[in-house]
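# Residue-level structure breakdown
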Amino acid sequence: MILPVLDLMHGQIVRGMAGRRDDYRPIVSKLVDSADPLAVAEAFRTRFGFDEFYLADLDAIQSGRPAL
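This is a predicted model, so every value here is computed, not measured.

On to the pairing of strand S1 (residues 5-9), then. Across the five residues that make up S1, a large majority, four, are buried. Examined bridge by bridge, S1 and strand S4 (residues 54-57) share four bridges and lie parallel to one another. Bridging from a neighbouring strand, leucine 8 pairs with aspartate 57 of S4. As defined by bridge partners, S1 adjoins strand S2 (residues 12-15) across two bridges and the pair is classed as antiparallel. Bridge pairing in S2 links methionine 9 to glutamine 12. Connecting S1 to the next strand, S2, in antiparallel fashion are two residues, including histidine 10 with a positive phi near 55°.

In structure tokens:
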């Protein structure tokens, strides 16, 4: 089973950079023209058929407050 991981920070999907969270930036992808979590998940579902994801809420991991 493959489970895609989406890193969420400040309401956007970001590209992790070796744990250097100050360097994380919203994703730039040919698959989707947005870093919006729903747009990214929908693109993965449409293109690859994924219907489950692991959402890593980086805000909650750092501050203890989930990104609702």
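Our next topic: the environment of phenylalanine 44. Position of phenylalanine 44 relative to the elements: it lies in helix H1 (residues 37-48). Given the relative accessible area of 23%, phenylalanine 44 is considered partly exposed. For the pair formed by phenylalanine 44 and leucine 3, sequence separation is 41 residues and the distance between their alpha carbons is 11 Å. Excluding residues within four positions of it along the chain, phenylalanine 44 makes contact with Pro4, Leu31, Gly49, Phe50 and Phe53.

It is worth spelling out the side chain of aspartate 59 at this point. For aspartate 59, the position within the fold is in helix H2 (residues 58-63). Residue aspartate 59 is classed as buried on the basis of its relative accessible area, which comes to 15%. Within the structure, aspartate 59 has its side chain in polar contact with the backbone nitrogen of histidine 10 (distance 2.8 Å).

Take the nonpolar core next. Ranked by size, the top nonpolar core spans seven residues in total: Leu6, Leu8, Ile13, Val32, Val40, Ala41 and Ala43. When contributions to this core are tallied by element, the ones reaching two or more residues are S1 and H1. If you tally residues by element for this core, the top one is H1, at three residues. Setting aside anything within four residues of it in sequence, one finds valine 40 in contact with Leu6, Ile13, Ile27, Val32, Ser34 and Ala35. Membership of the second largest hydrophobic core comes to five residues, among which are Met9, Val14, Ala56 and Leu58.

Here H1 spans 16 Å end to end across 12 residues, near enough to the 16 Å set by a 1.5 Å rise per residue. Turning to H1, the residues buried within the fold contact S1 and S2. N-capping of H1 is provided by aspartate 36, with a side-chain oxygen placed 3.2 Å from the backbone N of leucine 38. Within two residues after H1, glycine 49 carries a phi angle of roughly 85°, on the positive side.

Cut-offs and rules
- Residues numbered from 1 in each chain as written.
- Predicted model: local features only at pLDDT ≥ 70, side-chain atom pairs only at ≥ 80, totals over all residues.
- Heavy atoms only, no water.
- Buried < 20%, exposed > 50% of the residue type's maximum accessible area, 1.4 Å probe, protein only.
- Helix = DSSP H or I, 4+ residues; strand = E, 2+ residues; numbered from the N terminus.
- Pairing = 2+ DSSP bridges.
- Contact = heavy atoms within 4.5 Å.
- Polar contact = N/O pair within 3.5 Å; in protein donor to acceptor, adjacent residues only side chain to side chain.
- Core = buried A, V, L, I, M, F, W, Y, C linked by side-chain atoms within 4.5 Å.
- Expected span 1.5 Å × (residues − 1).

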